[in-house]
Every structure is written in C-alpha cells, then in structure tokens.
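An overview of the molecular structure
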Amino acid sequence: ATLELDRPAWEPDPTFDVRRHVHHVALPAPGGDTELRELLDCLLMAPLDARHPLWEVHLIDGLATGSSVLFCKMHHCMIDGVSGAQILEHLTDPAPETVPSSEPSCPLSANDALDLRPAEGSEGLSAWLRIPTPAAALDGARMAGEALTTIAGLLREPSDRLPFNQPLSDRRTFAWATLSLDDVLAVRGRAGCKANDVLLAVIAGALHRHLEARGVETGQLRVRTIVPVSVRRSHERLQLGNLVSAMLPRLPVGIPDPAARLRAVAQETQELKSRGQPRAARLMLQLLDALPAPVEALLGRLAPEGLLANTICTNVPGPREVRYLLGHRVRALHGLVPLMQSMGVEFAILSYAGTVSITVTADPSLVPDVRELAGALEESARELVAAYRVEAEEVQRPVRSPSPCVADLMTRKVISIRPADSLLLAFRLMRTRRIRHLPVLDASSRLIGIVTHRDLLAAASSSLDRETVDAQVHVLAGSEASEVMETHLCVASPHEPAAAAGARMIGHKIGCLPVLDEAGRLVGIVTEEDFVRWATENMASVAATPTSARAPARQSPSPAARPADAAV
C-alpha cells in the first residue's frame with residue numbers, strides 16, 4: 001500500500017495468462033536425486049514476479065525412475081498450510097479412473113476470496129468484548145489475564161540466539177525426512193500425548209544432534225519454536241489469506257533422553273494451551289488488525305529486538321488415502337515453509353497416506369549441511385520409537401480367517417461435533433450419551449479430527465481450584481474443539497477385518513477408530529466397548545454349546561475353528 005496508509009488488498013490481474021505460471025522442465029541426464037535437488041533449490045530461490053499473481057507450478061520430467069515431480073510455489077500471503085492442503089486435495093482424485101468434470105466442483109469468486117471475516121459464533125474480538133453474565137465475565141477476565149501474562153513472559157525471556165539465527169541471504173535449500181505414521185501414532189498412544197508432541201520431540205532431538213555436532217553446548221539453551229494453529233472455519237475452505245494463531249513452546253534440545261524429551265514437550269504444550277496462549281496470540285492479531293494501517297506498521301518497526309523464537313514448526317494433516325493426478329499415483333507429498341526474519345532453519349510437517357514428511361527449509365549460508373539435518377530427523381525418530389519399544393509385529397499382526405469385519409462390530413449412529421463447538425458442549429454430550437470419543441466433522445461432513453474424554457480432562461485441568469464441579473467445567477466454554485482435537489487420525493474401513501483394526505488400536509493404544517467408507521464419509525465408529533461386547537456375546541454362545549461338542553481343552557484347533565481368537 002502507498003506510504004503504508006492503507007492495507008494491501010486483493011485485486012484481479014487484467015492481463016492474467018496461465019502460461020506465465022505453469023512451466024514444464026526437464027532434468028539434465030541422468031536425472032538422479034542430485035540433479036533433482038539442485039533444480040528444486042534453484043526454483044525455490046527464484047523470486048516470484050510481483051507484477052502478477054504470486055504463484056507458479058513446475059512439472060518436472062526426466063527422472064531416471066520415469067516419475068515426475070510437481071513443484072508448487074505460492075506466496076504465503078495467498079494461502080496458509082491448511083488451505084494449501086485443501087487446494088492440493090481439490091486438485092487430485094481419490095482413484096485413478098476418476099473422470100474429470102467439465103465444471104469445477106468448488107468454484108470460487110473474487111468476492112468469496114475476499115470474504116475473510118470470522119465465522120459466526122467464532123471466538124473473535126467481539127466475543128471477548130460481549131460478556132453475557134458476571135460469572136462469564138470473571139472467567140473471561142481470568143483467561144485474558146493468563147493469556148497476557150503468557151505473552152509478557154515471552155518478552156521477558158527471549159530465546160537464545162543459535163548459529164542459524166542470523167540475517168538471511170537470498171539463497172534457499174531444503175531436504176526432507178519421511179517417517180511412518182504408524183510409528184508416530186504408536187508412540188503417541190504409549191506416551192499419552194498428541195501426535196504433534198511426538199513430531200516436535202523428533203525435531204528437538206534433531207536440533208540437539210545438529211547443535212552438539214557443531215560444538216554448541218545445549219544443556220542450558222532456551223530454544224523456542226512458533227507452532228501455527230489454524231483458525232480456519234469450515235465455510236472458509238479454499239479461501240485466500242492466512243487464518244492462523246500460534247503457540248510458542250520451548251524445545252528441550254538439552255535433554256538427551258528421547259522419552260524425557262517427549263514428556264517435556266507434552267507438558268509444555270499442555271501448559272501453554274491451559275494458559276490460553278493460542279487464544280492470546282489470536283487476540284493480539286485481531287487487536288493489531290483493528291488498528292489503522294500506519295499505526296500497525298509503526299508498531300512493527302518498534303517491535304523488540306529480542307528473539308521470541310528460533311524456528312517454525314508447522315504441522316498440517318494431509319490426505320489419509322492415496323491420491324491420483326491425471327490417473328497417476330501421487331507417491332509422496334512434501335510441504336515447504338518460507339523463511340522469515342532471522343530464522344535460518346524451519347520445519348514443515350505434512351502427513352499423507354500412512355507417512356509423515358518433515359521438510360527442512362534452510363538458508364545454505366547459515367546451514368550448509370541441510371541433508372545431514374534431515375538425516376538427524378530420521379535418527380531422532382528411530383531413537384524415540386526404540387525408547388517406547390514400538391515393534392512392527394505388534395502394530396500389524398497377521399489376521400486369521402474367518403473373522404468378523406469392522407462393520408459387524410461398529411456403532412453406526414455416531415454422535416459428532418463441529419470444530420467451532422465449545423468443549424463444554426463436548427463434555428455435556430459425553431456425559432449425557434455416556435461416550436468417550438467425539439468425531440469432529442466440517443461443514444461438508446468430512447472427518448477432520450477427534451476429541452476424547454482425555455482431551456477434556458486436560459483442557460479443564462487449569463480449573464481445578466474452583467469450588468464446584470460446575471465452576472470447574474464452565475472453563476471449557478472458553479475453548480473450541482478445534483483447539484484440542486487430534487488431527488492425525490487412525491481410521492478403519494467397514495470391510496476391513498476387525499482383527500486388523502483391533503491390532504492397530506492395541507499398537508497405537510487408542511480407544512476407538514472412526515470408520516470411513518470408500519468416499520471418505522463417516523459411517524460408524526468402533527470402540528473398545530464394541531470389541532468387548534462382541535467377545536462377550538461369542539463367549540456366551542460358546543458356553544451354551546454342549547461340552548461334547550467342544551474341542552478338547554489342550555487341543556490346538558485349526559485357524560478355521562477359532563473365529564473368536566482371531567478377533568481378540
């Protein structure tokens with residue numbers, strides 16, 4: 001905006017030509033990993049043309065394997081991580097034989113793109129100002145006070161400057177590590193934390209290795225990361241702009257033991273959530289947005305020079321199932337995050353079809369060995385998996401036949417909530433319906449998360465000093481399902497053997513699996529209670545069988561004669 005007197009605004013490009021944005025590139029022979037990485041680094045470093053829409057796509061052929069790479073580059077002002085994943089899913093197909101439609105399934109108009117107002121009922125600035133009752137006013141004041149105290153603590157205790165926290169050059173490079181989502185979920189279940197905690201612990205372990213290898217003593221380092229938190233509502237799907245808040249947890253890079261490191265991360269993130277740090281960051285952004293543009297620009301220049309965070313760790317759940325592009329299978333997805341301020345290393349986490357990619361974006365003048373840092377991520381993940389003794393055979397046990405399928409056990413009438421619903425509503429539903437798990441669906445009835453009874457207990461932990469149960473529970477009204485829900489989910493299909501689903505529940509130490517049909521719609525939920533009910537019914541039928549008809553106690557029957565064993 002001219003002289004910063006007004007805010008930037010979206011406007012149409014009257015000379016738009018798609019050929020400026022979509023390019024076809026061939027790798028030089030032999031088209032191996034080295035040639036691909038060098039080309040990707042060059043494409044990443046090249047600035048976008050500010051005279052035209054700030055995005056471009058490169059189709060890269062010539063790989064020795066016969067595969068192709070689609071490199072999508074968009075300015076962060078256009079999309080955030082969640083909308084980027086939504087666009088990616090919108091451009092791909094769930095099956096190779098999908099017939100392209102002549103009309104877009106979700107057309108966007110210029111008005112749609114510019115409508116970035118918060119959804120009705122969202123916890124925006126007006127929600128903080130409109131207090132309906134004195135009791136709610138006290139709770140609101142308490143949460144606001146705790147939030148402001150948290151922000152003040154960040155300013156009083158800046159992070160220590162690391163070797164890669166220096167002024168950035170115009171060079172960029174990146175590398176990635178691919179982890180097993182099964183391993184991440186199994187560690188999550190054993191540790192009793194969130195999948196995001198596990199991934200942050202992996203990153204903390206990699207930074208521990210990276211810094212120690214360069215002679216940096218990590219024992220007393222204060223290292224903090226920005227963790228973006230999406231506040232995008234269901235009706236804002238595929239809209240332009242950034243709709244995020246943030247948490248700023250400390251990364252325990254000085255703890256060498258992987259299990260202790262994960263416990264420290266989980267405790268830190270839970271404390272920040274209970275103090276309302278994501279809501280505090282969101283409130284601050286809304287207050288800044290309400291200021292005149294020149295005032296906001298001036299405050300930006302007067303911001304303290306102390307380092308609030310050393311890096312960024314953004315975590316976006318991608319498609320759970322394999323996707324296809326023009327009939328070709330998408331084998332892998334890797335996200336990218338742009339470097340900002342003096343952060344020479346940042347991390348983008350993206351899950352896809354049973355894998356988790358952690359991409360390291362770096363300034364090679366500050367981090368010349370980004371490939372080694374990606375290797376440190378893999379070593380850190382293996383170390384954490386070994387610490388919790390995650391074994392492949394425990395997660396994927398052989399399935400005996402015959403056995404029931406998930407559809408034979410699952411509950412079909414599923415009670416669900418929306419991401420903007422309050423945790424107080426979730427608590428009341430769980431109490432009145434006597435359930436412990438609530439799937440979270442968006443406006444299109446797509447499964448995007450799950451809230452458990454354990455999540456509610458953790459969210460209400462900061463209210464235990466209140467005198468009555470009602471007063472303790474009332475604090476849940478100030479939080480939404482989207483703030484605590486788990487987004488990296490393990491799901492089942494109706495026709496999957498129940499034994500395989502049960503083995504995953506045991507391996508991941510979870511109490512339920514949402515059940516999705518081939519179109520990705522939620523059709524049921526299978527829980528521990530469903531398995532116990534089925535086993536009890538079958539044991540009752542065995543008990544009613546005459547003794548003469550039963551197999552001898554020490555005889556080893558054939559697999560076909562042991563349907564109950566196969567399901568346990």
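Before going into details, it helps to say that this report is about the structure given with it. (Residues numbered from 1 in each chain as written. Predicted model: local features only at pLDDT ≥ 70, side-chain atom pairs only at ≥ 80, totals over all residues. Heavy atoms only, no water.)

**Focus: the overall build of the chain**
- Each helix and strand counted, the chain has 20 helices and 15 strands in total.
- For the chain, buried positions account for 45% of its 568 residues.
- Nonlocal contacts in the chain, meaning residues at least 24 apart in sequence, comprise 72% of its contacts between residues at least 6 apart.
- As displayed, the chain offers around 29600 Å² of accessible surface, 57% of which is attributable to carbon and sulfur atoms. (Helix = DSSP H or I, 4+ residues; strand = E, 2+ residues; numbered from the N terminus. Buried < 20%, exposed > 50% of the residue type's maximum accessible area, 1.4 Å probe, protein only. Contact = heavy atoms within 4.5 Å. Areas by Shrake-Rupley, 256 points an atom, 1.4 Å probe, with all protein chains shown as cover.)

**Side note on the side chain of Asp-363**
- As for its placement among the helices and strands, Asp-363 is situated in the loop between strand 11 (355–362) and helix 11 (370–387).
- No salt bridge is formed by the buried Asp-363; its nearest oppositely charged neighbour, Arg-172, is found at 4.2 Å.
- Within the structure, Asp-363 has its side chain in polar contact with the side chain of Ser-365 (distance 2.6 Å).
- With residues near it in sequence (within four places) discarded, Asp-363 still touches Leu-168, Ser-169, Arg-171, Arg-172, Leu-339 and Gly-344. (Lys, Arg positive; Asp, Glu negative; His and termini not counted. Salt bridge = Lys/Arg side-chain N within 4 Å of Asp/Glu carboxyl O. Polar contact = N/O pair within 3.5 Å; in protein donor to acceptor, adjacent residues only side chain to side chain.)

**Things to note about the sheet that holds strand 10 (residues 345–352)**
- Read from one edge of the open sheet, six strands run 4-11-10-7-5-6, paired in mixed fashion. The sheet is open, and its two borders are formed by strand 4 (173–180) and strand 6 (244–247), each paired with just one other strand. Put simply, the sheet's adjacent strands are angled 25 degrees from each other on average, direction ignored.
- Examined bridge by bridge, strand 5 (residues 225–230) and strand 6 share four bridges and lie antiparallel to one another. When the bridges of strand 6 are listed, Val-229 appears paired with Ser-245.
- Packed onto the sheet, helix 11 meets strand 4, strand 10 and strand 11 and runs at close to 15 degrees relative to strand 4. (Pairing = 2+ DSSP bridges. Axes fitted to C-alpha atoms, helices over the stretch in contact; angles between N-to-C directions.)

**Comments concerning the pattern of salt bridges**
- Inspection of every chain in the model, using the stated rule, returns 19 salt bridges.
- The partner of Glu-486 in a salt bridge is Arg-188, and the shortest N-O contact between them spans 3.6 Å. Here Glu-486, found in the loop between helix 17 (481–484) and helix 18 (498–508), pairs with Arg-188, found in helix 6 (residues 181–191); they are 298 residues apart in sequence, far enough to count as distant. There is no split in this pair, since Glu-486 and Arg-188 are both buried.
- One salt bridge connects Glu-379 with Arg-382, and the closest N-O pair in it is separated by 2.3 Å.

**A few points about the packing of aromatic side chains**
- Taken as a whole, this structure holds one aromatic pair when the rule is applied.
- Sitting above the plane of the Trp-176 ring, Arg-37 keeps its charged end 4.7 Å from the centroid. (Phe/Tyr/Trp six-rings, centres within 6.5 Å; stacked < 30°, edge-to-face > 60°. Lys NZ or Arg CZ within 6 Å of the ring centre and 35° of its normal.)

**Regarding a nonpolar patch on the surface**
- A surface patch of nonpolar side chains, amounting to about 360 Å² of accessible area, comprises Leu-59, Leu-70, Leu-325 and Leu-326.
- Note on placement: Leu-70 falls in strand 3 (residues 69–74).
- A relative accessible area of 44% places Leu-70 in the partly exposed class. (Patch = residues over 30% accessible without salt bridge, like charges linked within 9 Å, V, L, I, M, F, W, Y side chains within 5 Å.)

**Brief notes about the packing of helix 8 (residues 258–274) against helix 11**
- The N-to-C vectors of helix 8 and helix 11 enclose an angle of 95 degrees; their axes lie 8 Å apart at closest approach. With respect to helix 11, the axis of helix 8 lies roughly perpendicular. Where helix 8 abuts helix 11, its residues Pro-258, Ala-259, Arg-261 and Leu-262 lie against Ser-380, Glu-383, Leu-384 and Ala-387.
- Considering only residue class, the contact of helix 8 with helix 11 consists of five nonpolar, one polar and two charged. (Parallel < 35°, antiparallel > 145°, perpendicular 65-115°, else oblique. Nonpolar A, V, L, I, M, F, W, Y, C, P; charged D, E, K, R; others polar.)

**Focus on the sheet that holds strand 2 (residues 55–61)**
- The three strands lie next to each other as 1-2-3, forming an open sheet whose pairing is mixed. Each edge of the open sheet carries a strand with a single partner, namely strand 1 (22–26) and strand 3. Each strand axis lies, on average, 20 degrees off the axis of its neighbour in the sheet, ignoring direction.
- When strand 1 meets strand 2, the two strands line up parallel, connected through five bridges.

**Considerations on helix 8**
- The first and last C-alpha atoms of helix 8 sit 24 Å apart over 17 residues, in line with the 24 Å expected at 1.5 Å per residue.
- Every buried residue belonging to helix 8 is among Pro-258, Ala-259, Arg-261, Leu-262, Val-265, Ala-266, Glu-268, Thr-269, Leu-272 and Ser-274, and all of these are buried.
- For helix 8, the side-chain oxygen to backbone nitrogen distance between the N-cap and Ala-259 is 3.3 Å, and the N-cap itself is Asp-257.
- Just downstream of helix 8 lies Gly-276, where phi reads positive at about 80 degrees. (Expected span 1.5 Å × (residues − 1).)

**Notes on helix 7 (residues 195–213)**
- If you check helix 7, its first and last C-alpha atoms are 27 Å apart, about what 19 residues at 1.5 Å a residue would give, namely 27 Å.
- Counting buried positions over the 19 residues of helix 7 gives 16, a clear majority of the element.
- Directly beyond the C-terminal end of helix 7, a positive phi value near 80 degrees is found at Gly-215.

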